Amino acid sequence: RGGGSAAAADRAQSSGARAPPRGASRTADSRAGPAWQPARSWSDDEDGAVAMSAQGTDAVDEAQLAALVDNLRSEDAQQRTHAMENLPRIAEALGAERTRAELVPFIAESTDDDDEVLIVLAEKIGELVDLLGGTDAVHELLPPLELLASVEESSVRDKSVTSATAVFERIPDAELAQHYEPFVRSLAAKDWFTARVSAAALCHVCEGRLSEQLMRELMEVFKRLCTDDTPMVRRVAVQNLGKVAEALRAAPSLLPAFERLRQDDHDSVRVQAIASLVPLARQLPDSTSELLSALEELCLDRSWRVRWTAAQHFSEAINALGVGTEAPRLARLFVGLMQDTEAEVRTSAAGVMVGVARQVLPGGGAAAQEVVAAAQRLASD
C-alpha cells in the first residue's frame, strides 16, 4: 500500500497522456554534440596530450578544465555527469562573452541525454546566473531550461523549475514581463503533460513583481491548468494553488477551482488539496465555513492516503481556520482520524496530537475528553 515511487504513480495514471519523445539511445554521433571547441587556448598535440597556450595561468588547472570541456562530449555518462557538475567552473574560465556565445547554445543542444546527466545539468544552469556578464543576459539561460522543464523524469523537471526561479529572480523588473509570462505560457501550451506540470509549479515564483495585467494573464493560464485533462498536471496545480492565490492576489477567484480539485476523481489530486487549504484559509477569513467543510470531507475521504495527509496537516489547518465555536466539531473529527482503520492514518494523527489538543481541548467539552480517551487507546495500539 505504501510502496512505489511518485514517478511510478505518475506512469500508472498517465495512460493516454502524451510524454515528450526521447531517443531510444544516444548514438556516438549524438554524444559528440555540436562541433564546438570551447577554448581557443586549448588544443591537442600529436601525442594526444593537452597543450596550453594561455599565459599567466596554472598549467595543471588549465589541463583539468580542458579535460572537463572535452568530457562534455564524452560517450561515457559518468564523465559527462562530472563535466556538467563543473559547468560554473567552465563558464568562469571561458568568460561571460564566450559563455553566452558558445557554452549556453551547447547546453541547449545537450538536453537529450541520460537522466543522471540532465539532473546535474538542470541544477547547474541555475548557478550560471552570475557568470553571464550581468542581469541583462541571464534570460539567455531560459531556452535550455524550457527544454529541461519538459522532459519525462520528474527530478530533472524539479531541478529545472528551481533553476528557472533563480533566473527570474535576477531578471530586472523592467524586463520580467518580456520573459516570465511567455516562458510559463509556452510550457502551459505544450502537448506534453510534463511541460504543463512545470508551468503549474512556476505560476507563483515572481510574487510582488508583476503588473495587474500580467497577473490577470497568468491567472487565466493557471485556471486552465487546474482543469487539465491529465491528473499529474491537476495534482501540481492544486499543490501550488495556495501559493498562486497569494502571489497573484486572487484567492477568491481560485476558491471554485479548489473546490473542484479537492473532489477530483484521482486521489493523487485530492491528497494535495490540504496543502492549499491552509494558505487559502489565511487569505479568505470570510470563507471559513466552506473551507472547514472541505477539511471535514478530506478527513473522511475514501482514500487512506488523503486521510493520512489530512491528519498530518490537521493542526496547521485548524490554526489557520481558527477554532472558535467549532472546537467540539473539530475534536470529534480528529478523534475519527485517531481511530482510523489504517495504521498509517493513526500514526499521522499521533504525530500532531499535542498541537491539536492545545487548540481544541480548552473549548471542546465532552468532545475534548474523547480526544484524551483516543490518545490513551493509541498508547496501546
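Just so you know, these numbers come straight off a predicted model, no measurement behind them. (Residues numbered from 1 in each chain as written. Predicted model: local features only at pLDDT ≥ 70, side-chain atom pairs only at ≥ 80, totals over all residues. Heavy atoms only, no water.)

### Re the overall build of the protein
Reasoning step 1: Along its length, the protein carries 23 helices and 2 strands.
Reasoning step 2: Put simply, the protein has 381 residues, and 49% of those count as buried.
Reasoning step 3: For the protein, the proportion of contacts with a sequence separation of at least 24, taken over those separated by at least 6, is 70%. (Helix = DSSP H or I, 4+ residues; strand = E, 2+ residues; numbered from the N terminus. Buried < 20%, exposed > 50% of the residue type's maximum accessible area, 1.4 Å probe, protein only. Contact = heavy atoms within 4.5 Å.)

### Structural notes on the packing of aromatic side chains
Reasoning step 1: Considering all chains together, one arrives at 3 aromatic pairs under this definition.
Reasoning step 2: When the centroid spacing of 5.0 Å and the interplanar angle of 75° are considered together, the rings of Phe168 and Tyr180 count as edge-to-face. Pair noted here: Phe168 is in helix α9 (residues 154–170) and Tyr180 is in helix α10 (residues 173–188), with a separation of 12 residues, a long-range link.
Reasoning step 3: Assessed through its relative accessible area of 0%, Tyr180 is described here as buried. (Phe/Tyr/Trp six-rings, centres within 6.5 Å; stacked < 30°, edge-to-face > 60°.)

### Quick word on the confidence of the model for the protein
Reasoning step 1: Of all residues in the protein, 83% have pLDDT values of 70 or greater, and the mean over the chain is 84.
Reasoning step 2: Counted against residues more than four places away or in other chains, residues 21–35, with its pLDDT under 50, gives 20 contacts. (pLDDT = per-residue confidence, 0-100.)

### What about the pattern of salt bridges?
Reasoning step 1: By the definition in use, this model includes 22 salt bridges.
Reasoning step 2: The shortest N-O distance in the salt bridge between Asp114 and Arg80 comes to 3.3 Å. Of this pair, Asp114 sits in the loop between α6 (96–108) and α7 (115–125) while Arg80 sits in helix α4 (residues 77–85), and the two are 34 residues apart along the sequence.
Reasoning step 3: Judged by its relative accessible area of 1%, Arg80 is buried.
Reasoning step 4: Notably, a salt bridge pairs Asp173 with Arg209, separated by 2.6 Å at the nearest N-O pair. Within this pair, whereas Asp173 is found in helix α10, its partner Arg209 is found in the loop between α11 (193–202) and α12 (212–226), the two being separated by 36 residues in sequence.
Reasoning step 5: A network of salt bridges, in which partner residues are shared, links Arg80, Asp113 and Asp114. (Salt bridge = Lys/Arg side-chain N within 4 Å of Asp/Glu carboxyl O.)

### Describing the nonpolar core
Reasoning step 1: Counting residues in each nonpolar core, the largest one holds 119 residues, and the members touching the most others are Phe168, Leu210, Leu241, Phe258, Leu277, Leu295 and Phe314.
Reasoning step 2: Residues contacting Leu277, with those up to four places away along its chain left out, are Phe258, Leu291, Ala294, Leu295, Leu298, Ala317 and Leu321. (Core = buried A, V, L, I, M, F, W, Y, C linked by side-chain atoms within 4.5 Å.)

### Digging into the packing of α11 against helix α13 (residues 231–247)
Reasoning step 1: It is at 8 Å that the axes of α11 and α13 come closest, and there the two elements cross at 5°. Considering the angle they form, α11 stands roughly parallel to α13. Within the contact between the two elements, α11 uses Phe193, Arg196, Val197, Ala200 and Ala201 and α13 uses Met232, Val233, Val236, Ala237 and Asn240.
Reasoning step 2: Of the residues in the contact of α11 with α13, the class split is 8 nonpolar, 1 polar and 1 charged. (Axes fitted to C-alpha atoms, helices over the stretch in contact; angles between N-to-C directions. Parallel < 35°, antiparallel > 145°, perpendicular 65-115°, else oblique. Nonpolar A, V, L, I, M, F, W, Y, C, P; charged D, E, K, R; others polar.)

### Re the side chain of Thr165
Reasoning step 1: Relative to the helices and strands, Thr165 is located in helix α9.
Reasoning step 2: Once you skip the residues sitting within four places of it in the chain, Thr165 turns out to touch Leu202 and Val205.

### What about the environment of Leu141?
Reasoning step 1: Within the element layout of this structure, Leu141 appears in the loop between α7 and α8 (142–148).
Reasoning step 2: Considering only alpha carbons, one finds Leu141 and Ala108, 33 residues apart in sequence, at a separation of 8.7 Å.

### A word on the state of the cysteines
Reasoning step 1: All chains considered together, the criterion is met by 0 disulfides.
Reasoning step 2: No disulfide involves Cys203; its nearest neighbouring cysteine sulfur is the one of Cys226, lying 8.6 Å away.
Reasoning step 3: Look at Cys203 and you get buried, because its relative accessible area is 1%. (Disulfide = S-S within 2.5 Å.)

### A word on α6
An α-helix turns once per 3.6 residues; consequently, residues spaced three or four apart project the same way.
Reasoning step 1: Between its first and last C-alpha, α6 extends 17 Å over 13 residues, near the 18 Å set by a 1.5 Å rise per residue.
Reasoning step 2: Residues Arg98, Thr99, Glu102, Leu103, Val104, Phe106 and Ile107 constitute the buried set of α6.
Reasoning step 3: Residues of α6 that are buried in the fold lie against α5 (87–94), α7 and α8. (Expected span 1.5 Å × (residues − 1).)

### Considerations on helix α22 (residues 353–360)
Reasoning step 1: All of the buried residues in α22 are Val356, Ala357 and Val360. Each buried residue of α22 sits inside an arc of 100° when the element is viewed along its axis, so together they form one side. Facing away from the buried side of α22, by more than 90 degrees, are the exposed residues Val354 and Arg358.
Reasoning step 2: Residues of α22 that are buried make contact with α19 (314–321), α20 (327–338) and α23 (366–378). (Arc of directions from axis to C-beta.)

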